[in-house]
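Examination of the molecular architecture
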Amino acid sequence: MAGYLIRRILYSLFVIWGAVTIIFFVIRVVPGDPATVMLGTSATEEQILELQKELGLNDPLLVQYVNYLKDAVNLDFGESFKLGGSALDHVFYRFPFTITLAVTAIIISITVSLPLGILAAKKSNGIIDWMISTTSLLGQSLPTFWVGIMLIIIFARFLGLFPSGGSGSIAHLILPATTLCLPFIGMIIRLIRNGLLDELSRGYVQTARSKGLKENSILYIHVLRNVLIPVITVMGLLLGEFIGSAIIIEVVFSWPGIGRLLVDSILNRDYAIVQASVVLLATVYVFLNLVVDILYGYIDPRIQVEESR
Amino acid sequence: MTQESTMSVSNEMVMKRTTLVKWDWGIIIACIPVTMYVLIGIFGPIFIDFDPTKTFTGSRLLPPGSVLENGKTAWLGTDQVGRDILSQIIYGTRISLLVSLATVLIGGSVGVLLGLISGYFGGLVDSIIMRIADIQLAFPAILLAILIAGVLGPSITNVIITLSITRWVTFARVTRGATMATKKREFVDSARVLGVSNLKILFKHVFPMCVSPLMVIITVQIGLVIISEASLSFLGLGVPPSQPSWGLLISHGRDYINSAWWIATMPGIALAILVVSVGFLGDKLRDKFDPSLD
Amino acid sequence: MQKWRFTVNKFKLIVLGSFLILFAGCAGISEEYSGGVSSEPTDKSTAAKSDDQTLKVAFDQSINSLDPYGAHNGEPSTVLASRQIYDTLVIKDGTDYKPRLAEEWKEKDANTWVFKIRKGVTFHDGSPLTAEDVKYSLEQQVNSEDSPLTVLWNDFEAVEATNDHTLTIKTKKPMGTMLSNLSLLFITPADSKNDDFYEKPVGSGPFKVESFVPGESLILTGNEDFWDGAPDLTKLEFVNIPETAARLTALQTGEIDVTWTIPADQIAELEQAEDIEIIKTPSYLYYFNWFNSSREPFDDPLVRRAMWHAIDTKTIVKDLFGETGEVMSSPIPKEVFGSSDMETYAYDPELAKELLAEAGYPDGFSTSMMWSNGGGPQILQLAETMMSYWSEIGVQVEPIQIERAEWIEKLVALDWDMDLQTNSVITGDGDYTLGRLYISDANRNGYKNEELDKLLIAAKETTDQAERQKLYNRVNQIIWDEAVGIFPLELKQIAAIRTHVEGFKPSPSDDPEFRYVSVKK
């Protein structure tokens, strides 16, 4: 087990390194360098060259990369060109907003989909089942940014129930979090339904039935527990996915999370912030994967840890 | 995420031999709306008299059903420079379909090829390909798309390249899974024993077994790509502003949700119907090829 | 059976419990971190009842830095923040300048200015403001490598604090823009060198910094000891809501009290709201479409004029910008010192075609036009409309909309055919735009004209403002007749305030002073 853990952690580090490297090289090929952006349209050629030198932008790419990796290991991502101060500080300041949004979205999606999934499994192939799969299909098919705008039009503009954007209260969270989880609710419902149906067709359920156990007992005690394994896996991974989707949703709702910071920083060529936030995102994502994998093995001992990917 | 769930499903699918040939009315019905979109995308722009570069500032922001200066009726209203929204949506259909089909074709081919190689040969090649895939999956696809689209600049070709890069992984993983499952089966073994070349085994015996899981994946991916294209265009990183992409229309309409809600709403509805239809078709395919759901 | 029942309950309990924990944790996070960004929405009734004079402001840009000599000091948002936190020697008042920290000044000779610094002014930390502080501040600006305003001080020679309250500035050449430049020189304490000073800076202005999150929020408190009387407001908050629709909704719900930069299409709706007032003022912001005169076919003035005649600026301004725009009559906005009043190019597509034919392009030509994403209000619509007009005379224009970073790079490298952009004459003095952008050496748009260069230098080096105006009239005429660019419209600044806000005066350069503002009780 310890050997597995160490290997798993080393592997996670490798993946993070890969992500950081990709981003580093991709962003440096982007036209428009930070020195020019910082100085604006009135800058002279000399000013730009001077600043490029100061920022180390004239070093060979490989030198910049090695320096960058060295700093990254020390969690030093440099100063933000645009916002000033340590890039990591900015990212850490914004990150809780994104986490808040993602966690709220997860809570909303579980609360909604668990009962619906069970209902769908119980009334398999009934009207409810059909309705749920249709609405879930709908949720998955609508582009989130458009759903966000529609929710603003309906709930902020016409009904005036929630603020249309910004942050500051629980009310500000509702629309973006709802938008965030809508595409996934359908998937989770399906996952629960399919998992339940799968489990219900297994031998031990027949045995339990033949022993005269009540259908509900079978469902909640044996079946649901087994179904929870994929659900937990998906939830862990979903957190990462939510953070990804949050990028656009934060733009739509002016939510001050890491996603909006990232989009702004990409447009501003604010390398330091882009890298700091990507390292953070990749770390969180990989870490979630790790935890999920370990949980997976823990919850269901049938799965040997060695088998995990 | 959809990748993950469909993947585990597809592994099972390979084990159960399914046939493609049998007529299924559910699938045929599900094909109807998709076909309509394809027809609109191909022929629509030919039949309407509309130039997306022409502006009519005198008829800006008119609500659906308004009659324009030139006597025509704008059934879905006009936008911020007086262009007819319905006509733009018809043009946008072509862009959406073009981008999604091209992406699935390019990204899909690359992914399938790598997946076949990876799954069939295993070893170092497999490790390298799958590690690259893992790294790519370590950060959100939309982030990678934003980055690459930023490098390349807005154009239809660049959107296709960008989305192909972000989409190959799913195809590769699914194909790899199916290949690995097929590899262990008797008919592959016997082919190998008979001295059939690897290439021939791959394409003659292994690949056909990947087709049915891929069919499901393709429909799912087409939906995702349509949404991704719209999202990139929404952020201003996708299709250039001269092309009436749905995402761009929605993005422009966002500034007018207080005064002209129809600009952002209408293209979104067109997009939603298409993606729902494709998703519905995908569902039907999945139900058919994966009896475990029945 | 019994045992199983128990497990069911336990299971439910665990699920329920973990939800509660997640909820609580989430609420905790949101409250903890919302404090720094914005407090609870100002409820109308409570705001009316309480004595507390709090004002919340959001505008279309974010405040990224409080460093008045850094890379950001050309940005209106940094100037806006600086206006509240720091003070300047003089301040622009119409076309003239009023004393602030400088009580009086005189030109000893053409190259020497002497300023008498006000006594009894203190910084927020209680230390007195002296001529040394002003000297330090000016030197910071002059020596700043990354400030876009450093160029304003190219003719600066030396600054000297003769005594605590006398300051002498020497210039290499006479500087006609001395006062307008000084109106943008914010005074910080002489020892403000350390790096984190600007995270929570100290100034002598009417407001003190309470907290600052770059790009997100700036919270200020009223300075009781301000030399010209404490402001009415006890708290002034700037929050960042970049999206127009969200910002306007926030104003309507009372979440914010003041906002500006309101698109033409939103005005009518806001005007209907009873508790919102719209204020329109001229601004220093205007649109221009430059031609790259170093490239064919725009090296021919006939082509450039043809392009202008092909465009119906009056209709464009009326249809697209309504009350927010005004057709220009000069290459710089009316409010700016040095503007002239010239006749606009008539919309005449036939004449445009004739001019093109005369220039050797009877069938038109293909070219491109670049602009930056978000480079101005309704920039895409303006660009699309202009291109639509040009296609009528056979000129096919490829649109190039790019991100700001790339746009700046291309702009400076002259790698473009046509460039559509907004520009703000931030100093309010024509030299900032005309002298900086149109002189041949700057080579910003490929246009070169020796006569123009002479006039521009003369205008820069004259301290007689009437003489400068005459020179600029000739400058404007040349730029206009030669059609170095198309100058379609200048923008009005549209601010919206909730009616309980009193004393708010928008500024043409987007940096209104909040010291005069109060909240009606």
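Counting from 1, residues in each chain are numbered in the order their sequence is written. Chains carry letters from A onward and ligands carry numbers from 1 onward, assigned in written order. Predicted model: local features are reported for residues with pLDDT of at least 70 only, side-chain atom pairs are reported and counted for 80 or more only, and whole-chain, interface and lining totals are derived from all residues.

1. Focus on the overall build of chain C
Helical segments are the DSSP runs of H or I of at least four residues, strand segments are the runs of E of at least two, and each set is numbered from the N terminus. Looking only at helices and strands, chain C has 15 helices and 20 strands in total. Taking all 521 residues of chain C together, 55% fall into the buried category. A pair of residues counts as a contact when their C-beta atoms, built from backbone coordinates, are separated by no more than 7 Å. Partitioning the contacts of chain C with sequence separation of at least 6, the portion at a separation of at least 24 is 72%. Put simply, a residue is buried when 20 or more other C-beta atoms lie within 10 Å of its own C-beta and exposed when 12 or fewer do; between those, it is partly exposed, and each C-beta is set from the backbone.

2. Regarding the overall build of chain A
Summing up its helical and strand segments, chain A has 12 helices and 0 strands in all. Its helices and strands taken in sequence order, chain A reads α-α-α-α-α-α-α-α-α-α-α-α from the N to the C terminus. The 309 residues of chain A split such that 51% are buried. Partitioning the intrachain contacts of chain A with sequence separation of at least 6 by distance along the chain shows that 72% fall at a separation of at least 24.

3. Structural notes on the packing of helix 3 (residues 85–121) of chain B against helix 6 (residues 156–183) of chain B
All names here are of chain B. Axis definition: a line fitted to C-alpha atoms, limited for helices to the stretch in contact. Angles are taken between N-to-C directions and run from 0 to 180 degrees. It is at 5 Å that the axes of helix 3 and helix 6 come closest, and there the two elements cross at 35 degrees. Taken as a pair, helix 3 and helix 6 cross one another with a handedness that is right-handed. Considering only residue class, the contact of helix 3 with helix 6 consists of 20 nonpolar, 11 polar and 4 charged. Helix crossings fall into two classes, left-handed where the near helix is turned counterclockwise from the far one by less than a right angle and right-handed where it is turned clockwise. Three residue categories are used. Nonpolar comprises Ala, Val, Leu, Ile, Met, Phe, Trp, Tyr, Cys and Pro, charged comprises Asp, Glu, Lys and Arg, and polar comprises the others, including Gly.

4. With respect to the sheet that holds strand 5 (residues 112–117) of chain C
Residue and element names in this part refer to chain C. Pairing between strands requires that DSSP locate at least two bridges from one strand to the other. Reading across from one edge, 4-5-7-6 is the order of the 4 strands in this open sheet, with antiparallel pairing throughout. Unpaired on one side and paired on the other, strand 4 (102–109) and strand 6 (156–163) mark the two borders of the sheet. Strand-to-strand, the axes of this sheet are offset by a mean angle of 20 degrees, without reference to chain direction. Both strand 6 and strand 7 (residues 166–171) contribute to a ladder of 6 bridges, which runs antiparallel.

5. Concerning the pairing of strand 1 (residues 54–59) of chain C
All names here are of chain C. Extensive coverage of strand 1 is indicated by the burial of 5 of its 6 residues. As judged from the 6 bridges shared by strand 1 and strand 10 (residues 235–240), these two strands associate in the parallel manner. In the sheet register, Val57 faces strand 10, and the bridge partner there is Phe238.

6. Quick notes on the environment of Phe158 of chain A
All names here are of chain A. Locating Phe158 in the fold gives a position in helix 7 (residues 144–158). Of the residues examined, Phe158 has 10 C-beta atoms within 10 Å and is grouped as exposed. Sequence separation between Phe158 and Thr207 is 49 residues; the distance between their C-alpha atoms is 56 Å.

7. Topic: the UniProt feature "transmembrane region" (unreviewed entry) in chain A
All names here are of chain A. In the numbering adopted here, UniProt assigns the feature "transmembrane region" (unreviewed entry) to residues 9–30, 97–121, 142–164, 170–192, 227–253 and 273–299. Regarding residues 142–164, the helix share stands at 65% and the strand share at 0%, and the terminal C-alpha atoms are separated by 19 Å. Segment residues 170–192 splits into 100% helix and 0% strand. End C-alpha atoms: 29 Å apart. UniProt positions are given in the numbering used here, feature names are shortened, and annotations may be inferred rather than shown by experiment.

8. Focus: helix 8 (residues 170–200) of chain A
Taken as a whole, helix 8 of chain A carries its principal kink of about 45 degrees at Leu182 of chain A; the proline Pro183 of chain A stands between one and four residues after it. Judged by how many residues are buried, helix 8 of chain A sits mostly within the fold: 24 of 31 residues are covered. Note on bend: at a given residue it equals the angle between the axes fitted to the 7 residues ending there and to the 7 starting there.

9. Re the environment of Ile247 of chain A
Relative to the assigned elements, Ile247 of chain A resides in helix 10 (residues 215–253). It is 20 Å that separates the C-alpha atoms of Ile247 of chain A and Asn289 of chain A, two residues lying 42 residues apart in sequence. Aside from chain neighbours lying at most four places away, what touches Ile247 of chain A is Gly259, Leu262 and Val263 of chain A together with Pro140, Ile142 and Leu143 of chain B.

10. Comments concerning unusual backbone geometry
Generally, phi is negative for residues other than glycine and the peptide bonds are trans, each holding for most cases. All names here are of chain C. At the junction of Glu296 and Pro297, the peptide bond is cis and its omega measures out at -5 degrees in the coordinates. On the secondary structure map, Pro297 appears in the loop between strand 12 (276–291) and helix 8 (301–309). Unlike most non-glycine residues, Asp510 shows phi in positive territory, near 65 degrees. Within the fold, Asp510 resides in the loop between strand 19 (501–502) and strand 20 (518–519).

11. Let's talk about the confidence of the model for chain C
All names here are of chain C. Scored by pLDDT, chain C comes out at a mean of 86, with 89% of its residues at no less than 70. The predictor reports its confidence for every residue as pLDDT, a score running from 0 up to 100. The low-confidence segment residues 1–50 (pLDDT under 50) makes 60 contacts with residues lying over four places distant or belonging to another chain. In the predicted assembly, ipTM is 0.81 and pTM is 0.77.

12. Quick word on the environment of Leu151 of chain A
Residues and elements named next belong to chain A. Structurally, Leu151 can be placed in helix 7. Between the C-alpha atom of Leu151 and that of Arg193, which follows or precedes it by 42 residues, the distance is 28 Å. Once you skip the residues sitting within four places of it in the chain, Leu151 turns out to touch Leu175, Thr178 and Thr179.

13. Examining the confidence of the model for chain A
Residue and element names in this part refer to chain A. Looking at chain A as a whole, the pLDDT averages 77, with 88% of positions reaching at least 70. No element of chain A has a lower mean pLDDT than helix 2 (residues 34–39), which averages 65, and none a higher one than helix 7, which averages 88. The low-confidence segment residues 303–309 (pLDDT under 50) makes 9 contacts with residues lying over four places distant or belonging to another chain.

14. Describing the packing of helix 3 of chain B against helix 8 (residues 198–234) of chain B
Each pair of packed helices can be described by the angle between their axes along with the distance between the axes. All names here are of chain B. Remark: helix 3 packs on helix 8, axes separated minimally by 9 Å, with the N-to-C direction vectors making an angle of 145 degrees. Along this stretch, helix 3 crosses helix 8, giving a crossing that reads as right-handed. Of the residues in helix 8, those in contact with Ser96, Val99, Ser100, Thr103, Val104, Gly108, Val112, Leu116 and Tyr120 of helix 3 are Leu202, Val206, Phe207, Leu214, Ile218, Gln221, Ile222, Val225, Ile226 and Glu229. Tallied by class, the residues present in the contact of helix 3 with helix 8 amount to 13 nonpolar, 5 polar and 1 charged.

15. Here's the deal with the pairing of strand 14 (residues 366–372) of chain C
All names here are of chain C. With 5 of its 7 residues buried, strand 14 lies for the most part within the structure. In terms of strand pairing, strand 14 meets strand 15 (residues 396–402) through 7 bridges, oriented parallel. Note on strand 15: the bridge partner recorded for Trp371 is Gln401. If the strands point away from the viewer and the path from the first strand over the helix to the second runs clockwise, then the crossover is right-handed. One crossover worth recording links strand 14 to the parallel strand 15 by way of helix 11 (residues 379–392), and it is right-handed. Where strand 14 meets strand 16 (residues 418–424), 2 bridges bridge the pair, whose relative direction is parallel. Paired with Met369 across the two strands is Met418, which belongs to strand 16.

16. As for helix 6 (residues 127–141) of chain A
Residues spaced three or four apart along an α-helix face the same direction, because each turn holds 3.6 residues. To estimate the expected span of a helix, count its residues, drop one, and scale the result by 1.5 Å. Its 15 residues place the ends of helix 6 of chain A 21 Å apart at the C-alpha level, agreeing with the 21 Å of an ideal helix rising 1.5 Å per residue. Those residues of helix 6 of chain A lying buried are Ile132, Ser136, Leu137, Gln140 and Ser141 of chain A. End-on view of helix 6 of chain A: buried residues confined to an arc of 160 degrees, all on one side of the axis. Structurally, helix 6 of chain A contributes buried residues whose contacts are with helix 5 (87–122) and helix 8 of chain A together with helix 8 and helix 10 (261–289) of chain B. Relevant arc is that of directions from the helix axis to the C-beta atoms, nothing else.

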